[in-house]
Amino acid sequence: MEKLVSDAIAYRRSVRVYKDDPLDNDKVRKCLENAVLAPTSSNLQLWEFYHVVDTEICKKIAKASFNQPAARTAKQLVVVVVRKDLWRKRAKANVNFLKKAFGNKPDSQYSKKEKFALSYYKKIMPSIYTEFLGILGMIRYFFFSVVGLFRPVYRQVRSSDMRIVAHKSAGLAAENFMISMAAIGYDTCPMEGIDSLRIKKILGLPYASEINMLIGCGIREDSGVYGPRFRVPFESVYKLV
Ligand SMILES: Cc1cc2nc3c(=O)[nH]c(=O)nc-3n(C[C@H](O)[C@H](O)[C@H](O)COP(=O)(O)O)c2cc1C
């Protein structure tokens, strides 16, 4: 029986020490299938999820993560990878999906709404994602800053902004994954205390990819939860406007 969402959220803790009990690969995979249902900027899905079950590779990744307990004692690892470099491929996949949904007809027969949806991926996305040494992003930023003096504009257009956009979406997917794991009584620990370059090499990832986070997976030892949960008072972060 899966936990209710609120119960899974309450159950999830960052677990640093795991029992020796193995995890069911299929169950973890199912949680990753939930991860990709997370919302993603422009539905570009600029992510990949490496589900590492090979113990030797887990050991190598743990070593590259300073052998911190959450990685060292994990039974499996998930590496959430940002693939901003795949934007063209993903935009094309969206175009193909939309065309199929619209009923594969000549361009002239598309409605105004359908034309807008297609041009979003064919024109607007390339105008934001196309980059050359960060220069195009700076030109876009300058242009939108000037236009923005007179009307609302989209401002996240520099190369660094696009990285944040992609990492934001990957983080949402990671949370979907961790909550799904909690719902079935599996535990996780997100980690960014890692040598991302070494982990990229271990997994044979391309230079342009970026590691969003490493997630240790297993079943908690009671000692693996380091104390009660600490949050600053809700009233100090909740602003009713
Ligand atoms: C992006 C991110 C990176 C983190 N990196 C690490 C890490 O490298 N090692 C670790 O032990 N915990 C890491 N944590 C876990 C946090 O310390 C933990 O979420 C926080 O203390 C709150 O505890 P809770 O998750 O049990 O509620 C990370 C959490 C996030 C969201």
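Quick notes on the rules
Residues numbered from 1 in each chain as written. Predicted model: local features only at pLDDT ≥ 70, side-chain atom pairs only at ≥ 80, totals over all residues. Heavy atoms only, no water. Core = buried A, V, L, I, M, F, W, Y, C linked by side-chain atoms within 4.5 Å. Buried < 20%, exposed > 50% of the residue type's maximum accessible area, 1.4 Å probe, protein only. Helix = DSSP H or I, 4+ residues; strand = E, 2+ residues; numbered from the N terminus. Contact = heavy atoms within 4.5 Å. Disulfide = S-S within 2.5 Å. Phe/Tyr/Trp six-rings, centres within 6.5 Å; stacked < 30°, edge-to-face > 60°. Lys NZ or Arg CZ within 6 Å of the ring centre and 35° of its normal. Salt bridge = Lys/Arg side-chain N within 4 Å of Asp/Glu carboxyl O.

Caption draft 1: Up close: the nonpolar core. One finds I61, V79, I199 and L214 to be the most contacted residues of the largest nonpolar core, which totals 22 residues. Taken together, the elements giving at least two residues each to this core come down to α3 (55–63), α4 (69–72), β2 (76–82), β3 (187–191), α9 (196–203) and β4 (210–218). Excluding anything up to four places from it in sequence, I199 contacts I61, A64, S65, V79, I194, I211 and L214. Core analysis: the next-biggest nonpolar cluster, separate from the first, contains 21 residues, L23, M178, Y186 and I215 among them.

Caption draft 2: How the structure looks around the side chain of S209. Along the chain, S209 falls in the loop between α9 and β4. Owing to a relative accessible area of 1%, S209 belongs among the buried residues under this scheme.

Caption draft 3: Quick look at the state of the cysteines. In the structure shown here, the tally under the stated rule is zero disulfides. With no disulfide of its own, C31 lies closest to C217 among cysteine sulfurs, the gap being 8.7 Å. What makes C31 buried here is its relative accessible area of 4%. The closest cysteine sulfur to the non-disulfide-bonded C58 is located on C217, 8.8 Å from its own sulfur.

Caption draft 4: Just the packing of aromatic side chains, in detail. Applying the stated criterion across every chain yields a total of seven aromatic pairs. Both rings, one in W87 and one in Y129, keep their centres 5.7 Å apart while their planes meet at 25 degrees; by these two values the pair is stacked. One end of the pair, W87, is in helix α5 (residues 87–102); the other, Y129, is in helix α6 (residues 112–129), and 42 residues separate them in sequence. Centre to centre, the rings of F143 and F144 are 5.4 Å apart; their planes meet at 70 degrees, and the pair counts as edge-to-face. Following the ring pairs from residue to residue traces out a cluster consisting of F116, Y120 and Y121. The aromatic ring of Y11 is capped on one face by K3, whose charged end is 4.1 Å from the ring centroid. Looking at R158, its charged tip hangs above the ring of Y141, at a distance of 3.9 Å from the centre.

Caption draft 5: Representation of the pattern of salt bridges. Tallied over the entire structure, the rule returns twelve salt bridges. In this structure, E33 and R29 form a salt bridge, with 3.2 Å as the shortest nitrogen-oxygen distance. Here R29 and E33 lie together in helix α2 (residues 25–35), a separation of four residues that amounts to about one turn. By relative accessible area, E33 is classed as partly exposed at 35%. A salt bridge links D195 to R198; the shortest N-O distance between them is 2.8 Å. Here R198 falls in the exposed class, since its relative accessible area comes to 53%. Shared partners join several salt bridges into a network, and the residues in it are R29, K30 and E33.

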